[in-house]
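In case you want the letters, here they are:
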Amino acid sequence: MATVTLKGNEIHTSGNLPKVGSAAPDFTLVASDLSTRSLSDFKGNKVVLNIFPSIDTGTCAQSVRTFNEKASSLENTKVLCISRDTPFAQARFCGAEGLDNVINLSDIRDGNFGRTYGLSFTDGPLEGLHSRAVVVIDENGVVKHAQQVPEIVDEPDYEAALSVI
C-alpha cells in the first residue's frame, strides 16, 4: 500500500504501482464510445498511462491538457488518460477543450484497473477513486517508468515520464 497526501492529510492506496522492469498488467477499460479497450490493444506502441482521480478537478484537467500537447510530438506513442469518471464526462471535457492527442479510458465498470495497478484509494475523501500516477510502458509491455505522485493536488513529473520514451 502506498501513502499519499491530500493537502497534507494522509490517504492510502490499495497497493503499489508495477515496478520498473516488470511486465505491465493487462486491463480492460471503457472507451468514450462505450467499447472496451485493453492494454493488449496498444501492443507495439509505447504507452503512457496518465492516471488521476477525476477529469473535473483542476490538476487532473491540466495533466490531460499537458499530455495532449506533448503527445503530438511523440512517435509510436499512445497516451491513455484513465480515471473512474464516466466516459461521457471524459468525452465532454476533451471535446470542449479540443484535445485529440490522448485516449480517455474509464475504470467505471468494476474498478479492477485501480486495484490491479495498486492505486485505488482505500480511505479518505477520495476513497474508491484513483490516485495520481504515471506509468510508461514500452512496445514490449515492460514498465519503464512509474511515478506515484506523493501529494494528490500536485501535477506529475511530465519530463521524467517522457524522458524514457
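Here's a quick rundown of the structure. (Residues numbered from 1 in each chain as written. Predicted model: local features only at pLDDT ≥ 70, side-chain atom pairs only at ≥ 80, totals over all residues. Heavy atoms only, no water.)

**Considerations on the overall build of the protein chain**
Then, number 1: Counting secondary structure elements, the protein chain contains four helices and nine strands.
Then, number 2: In the protein chain, the succession of helices and strands from N to C terminus is β-β-β-β-β-α-β-α-β-α-β-β-α.
Then, number 3: Against the 2.2 N^0.38 benchmark of 15 Å for 165 residues, the protein chain shows a C-alpha radius of gyration of 14 Å, consistent with a compact globule.
Then, number 4: On the principal axes, the C-alpha backbone points of the protein chain span a range of 40 × 35 × 30 Å.
Then, number 5: Out of the 165 residues belonging to the protein chain, those deemed buried represent 50%.
Then, number 6: Partitioning the contacts of the protein chain with sequence separation of at least 6, the portion at a separation of at least 24 is 65%.
Then, number 7: When the accessible surface of the protein chain is split by element, carbon and sulfur atoms take 47% of a total near 7400 Å².
Then, number 8: Within the protein chain, the 21 negative side-chain charges are centred at a point lying 3 Å from the centre of the 14 positive side-chain charges. (Helix = DSSP H or I, 4+ residues; strand = E, 2+ residues; numbered from the N terminus. Rg over C-alpha atoms; globule rule 2.2 N^0.38 Å. Buried < 20%, exposed > 50% of the residue type's maximum accessible area, 1.4 Å probe, protein only. Contact = heavy atoms within 4.5 Å. Areas by Shrake-Rupley, 256 points an atom, 1.4 Å probe, with all protein chains shown as cover. Lys, Arg positive; Asp, Glu negative; His and termini not counted. Charge placed at Lys NZ, Arg CZ, Asp CG, Glu CD.)

**Section: the pattern of salt bridges**
Then, number 1: The tally for this structure, following the rule as stated, stands at two salt bridges.
Then, number 2: Between Asp41 and Arg37 there is a salt bridge; the shortest N-O distance is 3.5 Å.
Then, number 3: Residue Lys144 is joined to Asp138 by a salt bridge in which the shortest nitrogen-to-oxygen separation is 3.8 Å.
Then, number 4: For Lys144, a relative accessible area of 38% translates into the label partly exposed.
Then, number 5: Look at Asp138 and you get buried, because its relative accessible area is 14%. (Salt bridge = Lys/Arg side-chain N within 4 Å of Asp/Glu carboxyl O.)

**Quick word on the side chain of Ser54**
Then, number 1: With respect to the element layout, Ser54 can be found in the loop between β5 (46–51) and α1 (58–71).
Then, number 2: The class for Ser54 is buried, based on a relative accessible area of 14%.
Then, number 3: Of the polar contacts made by the side chain of Ser54, one reaches the side chain of Asp85; its length is 2.9 Å. (Polar contact = N/O pair within 3.5 Å; in protein donor to acceptor, adjacent residues only side chain to side chain.)

**Describing the sheet that holds strand β3 (residues 28–31)**
Then, number 1: What the seven strands build is an open sheet, ordered β4-β3-β7-β6-β5-β8-β9; its pairing is mixed. Strands at the two margins of the open sheet, each flanked by one partner only, are β4 (36–38) and β9 (143–148). Neighbouring strand axes in the sheet, compared pairwise and without regard to direction, differ in orientation by 30° on average. (Pairing = 2+ DSSP bridges. Axes fitted to C-alpha atoms, helices over the stretch in contact; angles between N-to-C directions.)

**Considerations on the environment of Thr77**
Then, number 1: By the element assignment, Thr77 lies in strand β6 (residues 77–83).
Then, number 2: The sequence separation of Thr77 and Ile165 amounts to 88 residues, and the corresponding C-alpha distance is 8.1 Å.
Then, number 3: Only 2.9 Å separates the side chain of Thr77 from the backbone oxygen of Glu75, close enough to count as a polar contact.

**Quick notes on the nonpolar core**
Generally speaking, a soluble globular protein has its nonpolar side chains buried in company with each other.
Then, number 1: Counting residues in each nonpolar core, the largest one holds 20 residues, and the members touching the most others are Phe27, Leu49, Phe113 and Tyr117.
Then, number 2: For this core, the elements supplying multiple residues, two or more each, are β3, β5, β6 and β8 (133–137).
Then, number 3: With sequence-adjacent residues up to four places away left out, Phe27 is seen in contact with Arg37, Ser38, Leu39, Leu49, Leu80, Leu105, Phe113 and Tyr117.
Then, number 4: By size, the runner-up hydrophobic cluster in this structure holds 16 residues, among which are Val48, Val79, Ala89 and Leu162. (Core = buried A, V, L, I, M, F, W, Y, C linked by side-chain atoms within 4.5 Å.)

**Overview of the packing of aromatic side chains**
Geometry of an aromatic ring pair is reported as the spacing of the ring centres plus the angle between the planes.
Then, number 1: For the coordinates displayed, the defined rule picks out three aromatic pairs.
Then, number 2: Summarising the aromatic geometry, the rings of Phe27 and Phe113 are spaced 5.2 Å apart at their centres and angled 85° between planes, so their arrangement reads as edge-to-face. You can see Phe27 sitting in the loop between β2 (9–12) and β3 and its partner Phe113 sitting in helix α3 (residues 112–116), a full 86 residues away along the chain.
Then, number 3: With relative accessibility at 1%, the residue Phe113 sits in the buried group.
Then, number 4: Consider the rings of Phe27 and Tyr117, whose centres lie 6.1 Å apart with planes at 65°: the pair is edge-to-face. Of the two residues, Phe27 sits in the loop between β2 and β3 while Tyr117 sits in the loop between α3 and β8, which places them 90 residues apart along the sequence.
Then, number 5: We classify Phe27 as buried; its relative accessible area is 5%.
Then, number 6: Clustering of aromatic rings is evident, with ring pairs tying together Phe27, Phe113 and Tyr117. (Phe/Tyr/Trp six-rings, centres within 6.5 Å; stacked < 30°, edge-to-face > 60°.)

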